[in-house]
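Chain and residue survey
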Amino acid sequence: MNKIALRQKYSALRANLSDHEIDEMSLQIANQIIYLDIWQHSFYHLFLPIETKKEVNTEYILQVLAGKDKNIVLSVSDFSTLEMTHFLLTDATKIKKNKYNIPEPVDGLEVPVSKINVVFVPLLAFDKKGNRVGYGKGFYDQFLSKCQPETIKIGVSFFEPETLISDTLLSDIQLDYCVTPTKVYNF
């Protein structure tokens, strides 16, 4: 299937999920993440969910990271440049939704991309090769292309993989893992 068809399919599937299902599956995803071999690192980039798009509730992952005393990094998206600026989450960090309903830090201590070791990547769909489909703006492809080669990229999905995304580009950045409520896929 191509990216446009996959965006439509998985947006519709997510739209049909209840708040209870989202909460349960998000907790199962966080429980799967605990067993990944990623805990020797320091800086973990996490997205905060767009609730209106019924994204994975990353609050549970955030709790795991905080419990392991990791540095948690959040981003602010600039829609004019399609770039993200990354900030350290602290007790003083204020979170505010932007005009697209994306929760973002208001300000804080900026973290250079070169320091980020692990990135949790939002997505709509993924395939068995580690390709992913997002909303199509390219924020994460641009961000991930600037990360160190050894940066670990972990997708999180309520759904299992497609066999193949038919229209991937050379500029698309593949995942190292994708975590669903029932399984961890390693690419």
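Look a little higher up for the structure.
Positions within a chain are numbered from 1, following the residues in the order the chain's sequence is written. At least 70 in pLDDT is required for a residue's local features to be given in this predicted model, at least 80 for side-chain atom pairs to be given and counted, and no such filter applies to totals for whole chains, interfaces and linings, which use all residues. Note that water and hydrogens are dropped before the side-chain values are worked out from all heavy atoms of the structure.

1. Points about the packing of helix 2 (residues 19-33) against helix 3 (residues 59-67)
Put simply, the test is: Every angle, taken between N-to-C directions, lies between 0 and 180 degrees, and every axis is a line fitted to C-alpha atoms, over only the stretch in contact when it is a helix. For helices the rule is a DSSP run of H or I covering at least 4 residues; for strands it is a run of E covering at least 2, with both sets numbered from the N terminus onward. Working rule for angles: under 35 degrees goes down as roughly parallel, over 145 as roughly antiparallel, 65 to 115 as roughly perpendicular, anything else as oblique. Should the near helix be turned anticlockwise from the far one by less than a right angle, the crossing is left-handed, and should it be turned clockwise, the crossing is right-handed. What makes two residues a contact is simply this: any of their non-hydrogen atoms within 4.5 Å. We call Asp, Glu, Lys and Arg charged. Ala, Val, Leu, Ile, Met, Phe, Trp, Tyr, Cys and Pro are nonpolar, and the rest, Gly among them, are polar.
With their axes 8 Å apart at the nearest point, helix 2 and helix 3 run at an angle of 30° to one another. The orientation of helix 2 relative to helix 3 falls into the category roughly parallel. Between helix 2 and helix 3 lies a crossing whose hand is right-handed. Residues Asp23, Ser26, Leu27, Ala30 and Ile33 of helix 2 form the contact with helix 3, whose participating residues are Tyr60, Ile61 and Val64. Looking at side-chain class alone, the contact of helix 2 with helix 3 contains six nonpolar, one polar and one charged residues.

2. A short note on the packing of aromatic side chains
Condition: Two rings from Phe, Tyr or Trp (for Trp, the six-membered ring) form a pair when their centres are within 6.5 Å of each other. A pair whose planes differ by under 30 degrees is stacked, one over 60 is edge-to-face, and the rest are tilted. Buried residues are those whose accessible area, probed at 1.4 Å on protein chains only, stays under 20% of the maximum for their type, while exposed residues exceed 50% and partly exposed ones sit between those limits. Lysine and arginine charges are scored as sitting over a ring when NZ or CZ, respectively, is within 6 Å of the ring centre and within 35 degrees of the ring normal.
With the rule as written, the count across this model stands at eight aromatic pairs. Look at Tyr10 and Phe159: their rings are 5.5 Å apart centre to centre, the planes differ by 55°, and that puts the pair in the tilted class. Residue Tyr10 is located in helix 1 (residues 3-15), and its partner Phe159 is located in the loop between strand 9 (152-156) and strand 10 (177-179); the two are separated by 149 residues in the primary sequence. Assigned by exposure class, Tyr10 and Phe159 land together as buried. Between the aromatic rings of Tyr140 and Phe143, the centroid separation amounts to 5.9 Å while the plane-to-plane angle is 65°, which identifies the pairing as edge-to-face. Linking Tyr140 with Phe143, this pair stays in helix 4 (residues 139-146), spanning three residues, or about one helical turn. A cation sits over an aromatic face here: Lys53 above Tyr135, 4.9 Å from the ring centre. Sitting over the ring of Trp39, Lys68 keeps its end group 4.9 Å from the ring centre.

3. Observations regarding the pattern of salt bridges
Side chains bearing opposite charge may pair, as long as their charged atoms lie close to each other. Put simply, the test is: Should a side-chain nitrogen of Lys or Arg be within 4 Å of a carboxyl oxygen of Asp or Glu, the pair is scored as a salt bridge.
In this structure the tally under the stated criterion is five salt bridges. For the salt bridge of Glu83 with Lys146, the shortest nitrogen-to-oxygen distance reads 2.8 Å. Of this pair, Glu83 sits in strand 3 (residues 83-88) while Lys146 sits in helix 4; the two residues are 63 residues apart in sequence, bridging distant segments of the chain. Given a relative accessible area of 31%, Glu83 falls into the partly exposed group.

4. So, the sheet that holds strand 2 (residues 71-78)
Formally: By definition, two strands form a pair when at least two bridges between them are found by DSSP.
Strands sit in the order 3-2-1-6-9-10-11 across an open sheet of seven strands; the sheet is mixed. Looking along the sheet, the strands with just one partner apiece sit at the ends: strand 3 and strand 11 (184-186). Mean inter-strand twist for the sheet, computed between neighbouring axes without regard to direction, equals 25°. Contacting strand 1 (43-45), strand 2, strand 3, strand 6 (118-121) and strand 9, helix 4 runs over the sheet at an angle of about 65° to strand 3.

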